[in-house]
Amino acid sequence: KLLIELTTPNWSKIRKKGAEDRINEVLKDWVKNFKDDGAAFEIPLDDEKTCSKAVDIAQAFSKLRILALGGPLYSYCKALQSGKALTEAFDFPLRRDTHCWLVPKGDRVAVVFGFEFGIRTDRIIGNQILTEFLEVRRQKDLQSAPVIAYSKDPPAELKGCKIPSFNKEAFLGY
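Residues numbered from 1 in each chain as written. Predicted model: local features only at pLDDT ≥ 70, side-chain atom pairs only at ≥ 80, totals over all residues. Heavy atoms only, no water.

Peer 1: Help me get a handle on the overall build of the protein, residues and values and all.
Peer 2: Each helix and strand in the protein was counted, giving six helices and eight strands. Sequence-ordered secondary structure for the protein, helices as α and strands as β, is β-α-α-β-β-α-α-α-β-β-β-α-β-β. Structurally, the protein occupies a C-alpha span of about 55 × 40 × 35 Å along its principal axes. Burial status across the protein gives 36% buried among its 174 residues. The contacts of the protein with a sequence gap of at least 6 include a subset with a gap of at least 24, amounting to 55%. For the protein, the distance from the average position of its 28 positive side-chain charges to the average position of its 24 negative side-chain charges is 5 Å. (Helix = DSSP H or I, 4+ residues; strand = E, 2+ residues; numbered from the N terminus. Buried < 20%, exposed > 50% of the residue type's maximum accessible area, 1.4 Å probe, protein only. Contact = heavy atoms within 4.5 Å. Lys, Arg positive; Asp, Glu negative; His and termini not counted. Charge placed at Lys NZ, Arg CZ, Asp CG, Glu CD.)

Take a look at the structure:
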């Protein structure tokens, strides 16, 4: 048997906000258990069913991180689609230098990322790349694309949201 474990420091925040449900939805056949810091999986290697589905299983597990970290966004969008939109904003640390907010806005969910660039050159390069999101949308054939907003200050979507005390240097919102 093959044992796989997912551990992430933000698991306690995202687990009950959709991460555990999303993992169960896609990988339920292999979930061994959920723990305080992640999930454990067991894939039997000695049965024909596993062998015949090896490619499908590998593809499913290649998305494990996406399923876990994207679980909260999936649950917000699923609730919105069903007409039972969630009303409270949710935030969690995505990485040590990146924070994520999911902010329900009636008929949509705004997603905002706050970035911290610890190294001066990273800050310069990051700001240049993020500024390109604004410039690209000005092109005639891309003006109807979804809005991606970049700002050095918290956007209006975060009004009333708790912003953790890290050195936020850029915000990117969808």
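From this point, the discussion proceeds with the structure in view.
Peer 1: Requested: an account of helix α2 (residues 19-27), with residues and values cited.
Peer 2: Burial in α2 covers these residues: Ala19, Glu20, Arg22, Ile23 and Leu27. Down the axis of α2, the sector holding all buried residues measures 165°, keeping them to one side. On the buried face of α2, the contacting elements are β1 (2-7), α1 (11-14), β2 (31-35), β3 (38-43), α4 (54-61) and α5 (64-81). (Arc of directions from axis to C-beta.)

Peer 1: Just give me the short version of the packing of aromatic side chains, but keep the residues and values in it.
Peer 2: Here the structure, examined in full by the defined rule, presents six aromatic pairs. Relative to Phe34, the ring of Trp11 lies with its centre 6.1 Å away and its plane at 5°, an arrangement referred to as stacked. Placement of Trp11 in helix α1 and of Phe34 in strand β2 is noted, with a sequence separation of 23 residues between them. Judged by relative accessible area, Trp11 falls into the buried class, the value being 0%. Residue Phe34 is classed as buried on the basis of its relative accessible area of 18%. Clustering of aromatic rings is evident, with ring pairs tying together Trp30, Phe41 and Phe61. (Phe/Tyr/Trp six-rings, centres within 6.5 Å; stacked < 30°, edge-to-face > 60°.)

Peer 1: Just give me the short version of the pattern of salt bridges, but keep the residues and values in it.
Peer 2: Using the criterion set out here, one finds ten salt bridges in the structure. Between Glu25 and Lys78 there is a salt bridge whose closest N-O contact spans 3.7 Å. On the criterion of sequence distance, the pair formed by Glu25 in helix α2 and Lys78 in helix α5 is long-range, its members being 53 residues apart. When its relative accessible area of 38% is taken as the criterion, Glu25 is described as partly exposed. Ionic contacts of the salt-bridge type, sharing partners, join the residues Lys1, Lys32 and Glu42 into one network. (Salt bridge = Lys/Arg side-chain N within 4 Å of Asp/Glu carboxyl O.)

Peer 1: So, α4: which residues are in play, and what are the values?
Peer 2: Taken residue by residue, α4 has Ile57, Ala60 and Phe61 as its buried positions. Projected onto a plane normal to the axis of α4, the buried residues spread over an arc of 90° and lie on a single side. At its buried positions, α4 is contacted by β1, α2, β3, α3 (48-52) and α5.

Peer 1: Quick one: what's the story with the pairing of strand β8 (residues 170-173), residue by residue and with numbers?
Peer 2: Of the two faces of β8, the one lined by Ala170 and Leu172 and the one lined by Phe171 and Gly173 are each fully buried. Across four bridges, the pairing between strand β6 (residues 109-115) and β8 is antiparallel. Considered in β8, the bridge of Val112 is made with Gly173. Both strand β7 (residues 149-151) and β8 contribute to a ladder of three bridges, which runs antiparallel. Of the residues in β8, the one forming a bridge with Ala149 is Gly173. (Pairing = 2+ DSSP bridges.)

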